[in-house]
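# What the coordinates show
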Amino acid sequence: DEILLNLKEEHEITDVSFKTWLLPLKVHSINGDTVTVTVPDVEFLGYIRKKYGFLLKITIEEVTGFECNVDFVVENQVPQEEVPKAQTGNTLINNALNTVSQSAIINANLNPKYTFDTFVVGANNNLAHAASLAVAESPGEIYNPLFIYGGVGLGKTHLMHSIGHFILKNNPNAKVLYVTSEKFTNELIDAIRNKNNFSPTEFRDKYRTNDVLLIDDIQFIIGKESTQEEFFHTFNALYESKKQIIISSDKPPKEIETLEERLRSRFEWGLTVDIQSPDYETRMAILRKKEEMEGYNIDNEVIKYIATNIKSNIRELEGALTKIVALSRLDNKEITVELAEEALKDIISPNDKREVTPELVIQVVADHYGITPLDICSQKRNKEIVYPRQIVMYLCREIVGTPLQMIGKYLGGRDHTTIIHGIEKIKADIGKNDSNLINTLDILKKKLSPQ
Ligand code: ADP
Ligand code: MG
């Protein structure tokens, strides 16, 4: 611990770098004058050796008074590090603005909220985070280009901005530019047409003179030949002068079908990392972080409710929290699980992501009417059961498209004329504008397929 703390202070290592690279290091063994240190991931072994190996060696010598060699090995199956507790967003933003001029951030097109300090690291994104940090610490030196891919709302843009901020903080004179590939394309078109007083020379000046170019959502230039061509030249110009390029996309290079081969191979020259959907722990950590940043004070049960029900993407997760807070302020109500259910009823369905099958229809209809699936499939003839059973027939046909005979099988071996009769009965009631039935069908359909 003393060695690590010493290293951090003597060499002014930032908190995020310290937590990512140094804190996880452990002494594996000491043999003669060789100290062997374990590193959690094989992916970054080379980077850590190169970036911190020498610093570690001299710090060990300083602290212990013994000369040594430092060697690194990979630790097997390391348990996930606990997510570090972060500072509040606003102080971080202010800190960032104190040292880096506002205008540098604006010129680079960076969102002040998207920094490493506001980014929660979890199992779904730790490689992408580590790679981004490595690039931010050593732009143009190791992983060039850095290619980050993953689904919508998982943090790609956030990471790219974080890299930009980090580089500017270390080197306020660095020329950093973040741009979406859409903007790149539009500006290229303007330049070709000499529109908005933007000439092809100015276009090149703007894009080929950067120390760091971050180009987001590259999938949007795919298929546009002249843009790919121009991007190819921009890429080469930057790459040849050892400038850092960071690219994001929804897919890895090899799966982007209409990507020109020469671009594809260039994208694969550096390091490609992905971001996956967040697991439950990461969703909880992100919600807590957001709560802290915004100064909310929300019951743990409510946070759990959101983290349990919203799984696919982080933008939705944040949106859910905002929506709950907004509803509570609007109605002047305390934030409770009930309020959360009310606020999120359109987004959350208990059957989210389930495939709609006849069994699911039977289950959902039974739940709705407070009877059991067995009742529905039984031979019982009382109205309380016959009607829900007919609704099952109708929904299986309308939503799932189940063949009549199959519906009969699912419903305890009824023949297809019974099924036709049931479906006709429901259709007739809809035709009569039975509002009760129409509402019920609406709710059931939402429960079955939330989108
Ligand atoms: P993408 O570019 O992959 O579509 P974004 O970077 O725009 O996703 O992220 C969507 C939202 O989720 C942003 O508000 C971002 O700050 C937030 N977000 C994503 N990942 C994280 C994370 N790991 N920690 C904190 N916030 C995150
Ligand atoms: Mg994005």
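What counts, and where the lines are drawn
Residues numbered from 1 in each chain as written. Chains lettered and ligands numbered in written order. Predicted model: local features only at pLDDT ≥ 70, side-chain atom pairs only at ≥ 80, totals over all residues. Heavy atoms only, no water. Salt bridge = Lys/Arg side-chain N within 4 Å of Asp/Glu carboxyl O. Helix = DSSP H or I, 4+ residues; strand = E, 2+ residues; numbered from the N terminus. Buried < 20%, exposed > 50% of the residue type's maximum accessible area, 1.4 Å probe, protein only. Core = buried A, V, L, I, M, F, W, Y, C linked by side-chain atoms within 4.5 Å. Contact = heavy atoms within 4.5 Å. 1 Å grid on protein atoms, 1.4 Å probe; cavity = no way out; pocket = protein on both sides within 12 Å on 5 of 7 lines; lining within 4 Å. Points joined across faces, edges and corners; volume = space filled by probe spheres on them. Nonpolar A, V, L, I, M, F, W, Y, C, P; charged D, E, K, R; others polar. Pairing = 2+ DSSP bridges. Axes fitted to C-alpha atoms, helices over the stretch in contact; angles between N-to-C directions. Right-handed = clockwise from strand over helix to strand, strands pointing away. Near = heavy atom within 4 Å. Polar contact = N/O pair within 3.5 Å; in protein donor to acceptor, adjacent residues only side chain to side chain. Sits in = over half its atoms within 2 Å of the grid points. Disulfide = S-S within 2.5 Å. Phe/Tyr/Trp six-rings, centres within 6.5 Å; stacked < 30°, edge-to-face > 60°. Lys NZ or Arg CZ within 6 Å of the ring centre and 35° of its normal. UniProt positions renumbered as here; feature names shortened; annotations may be inferred.

## Structural notes on the pattern of salt bridges
The final tally for this structure, using the stated rule, is 18 salt bridges. Of the charged contacts in the structure, one is a salt bridge between Glu294 and Lys290, with a shortest N-O distance of 3.9 Å. With Glu294 and Lys290 both in helix H12 (residues 280-294) and 4 residues apart, the pair spans about one turn of that helix. Overall, Lys290 belongs to the buried group, its relative accessible area being 17%. The closest approach of N and O atoms between Lys345 and Glu342, which form a salt bridge, is 3.5 Å. With relative accessibility at 44%, the residue Glu342 sits in the partly exposed group. A network of salt bridges, in which partner residues are shared, links Lys183, Glu187 and Lys206.

## Some words on the nonpolar core
Generally speaking, a soluble globular protein has its nonpolar side chains buried in company with each other. Counting 54 residues, the largest nonpolar core has Trp21, Leu22, Leu146, Ile163 and Ile246 as its most contacted members. Not counting the four nearest positions on each side in its chain, Leu146 is found in contact with Ala131, Ser132, Val135, Ile163, Gln244, Ile245, Ile246, Ile247, Leu271 and Val273.

## As for the layout of surface pockets
The space that makes up the second largest pocket amounts to roughly 650 Å³. Taken together, 27 residues line the second largest pocket, and the ones lying closest to its centre are Tyr114, Gly155, His158, Ile314 and Glu318. Elements with a contribution of two residues or more to the lining of the second largest pocket: helix H7 (156-170), H12 and helix H14 (314-331). Broken down by element, the lining of the second largest pocket gets its largest block of residues, 5 residues, from H12. Residues of the lining of the second largest pocket, tallied by class, amount to 8 nonpolar, 10 polar and 9 charged.

## Brief notes about the sheet that holds strand S8 (residues 271-275)
Ordered by their spatial adjacency, 5 strands build an open sheet running S5-S6-S7-S4-S8, and the pairing between neighbours is parallel. Edge positions in the sheet fall to strand S5 (176-180) and S8, since each of these pairs with one other strand and no more. Pairs of neighbouring strands in the sheet enclose a mean axial angle of 15°, with direction left out of account. Alignment of strand S4 (residues 146-150) against S8, held across 5 bridges, turns out to be parallel.

## What about the pairing of strand S2 (residues 34-39)?
Burial runs high along S2: 5 of the 6 residues are buried. Pairing of strand S1 (residues 26-31) with S2, which is carried by 5 bridges, proceeds in the antiparallel orientation. Directly across from Ile30, in S2, lies its bridge partner Val35. A loop of 2 residues connects S1 with S2, the two strands running antiparallel in sequence, and Gly32 in this loop sits at a positive phi of about 60°. The sheet contact formed by S2 and strand S3 (residues 69-74) spans 6 bridges and is parallel. Across the sheet, the residue bridging to Val35 is Val70, located in S3. In terms of handedness, the path from S2 via helix H3 (residues 45-64) over to S3 forms a crossover that is right-handed.

## What to know about the site of ligand 1
Every one of the 17 residues lining ligand 1 counts as a neighbour, but Val120, Gly153, Thr157, His158 and Glu318 are closest to it. Glu318 places a side-chain nitrogen or oxygen 2.8 Å from an oxygen atom of ligand 1. Of the pockets mapped on this structure, ligand 1 occupies the second largest pocket. Among the elements of the structure, H7 and H14 are those that each provide at least two residues to the shell around ligand 1. Each residue belonging to the shell around ligand 1 can be placed in one class, and the counts come to 7 nonpolar, 7 polar and 3 charged.

## Section: the side chain of Thr59
Topologically, Thr59 is positioned in helix H3. If we ignore the near neighbours within four places in the chain, the residues touching Thr59 are Ile3, Asn6, Leu7 and His11.

## Section: the state of the cysteines
Per the counting criterion, the structure on display carries 0 disulfides. In this structure Cys396 is not part of a disulfide, and its nearest cysteine sulfur, from Cys377, lies 9.7 Å away.

## Details of the sheet that holds S3
Sheet strands associate in pairs through backbone hydrogen bonding, adopting either a parallel or an antiparallel arrangement. Sheet architecture is open: 3 strands sit in the order S1-S2-S3, paired in mixed fashion. Pairing within the sheet leaves two strands with one partner each, and these edge strands are S1 and S3. For this sheet, the mean angle separating the axes of adjacent strands, direction not counted, is 30°. Set on the sheet, H3 makes contact with S2 and S3; between it and S3 the angle comes to about 145°.

## Notes on the packing of aromatic side chains
One pass over the full model with this rule turns up 17 aromatic pairs. Three or more aromatic residues joined by ring pairs form one cluster here, namely Phe147, Phe184, Phe198, Phe203, Tyr207, Phe231, Phe235, Tyr239, Phe267 and Trp269. The aromatic ring of Phe18 is capped on one face by Lys8, whose charged end is 5.7 Å from the ring centroid. Between the NZ or CZ atom of Lys383 and the centre of the ring of Tyr387, over which it lies, the distance is 5.7 Å.

## Comments concerning the UniProt feature "binding site: ATP" (unreviewed entry) in the protein chain
In this structure's numbering, the residues bearing the UniProt feature "binding site: ATP" (unreviewed entry) are Gly153, Gly155, Lys156 and Thr157. Taken from the residues named earlier, the lining of the second largest pocket is made up of Gly153, Gly155, Lys156 and Thr157. By the secondary structure assignment, Gly153 is in the loop between S4 and H7. A relative accessible area of 11% means that Gly153 is categorised as buried. If near-sequence neighbours (up to four positions away) are discounted, Gly153 is found in contact with Asn313, Ile314 and Arg315. By the element assignment, Lys156 lies in helix H7. The residues contacting Lys156, other than those within four sequence positions of it, are Ile148, Tyr149, Gly150, Gly151, Asp217, Ser248, Ser249 and Ile275. Polar contacts involving the side chain of Lys156 include one to the main-chain carbonyl oxygen of Gly150, which spans 2.9 Å.

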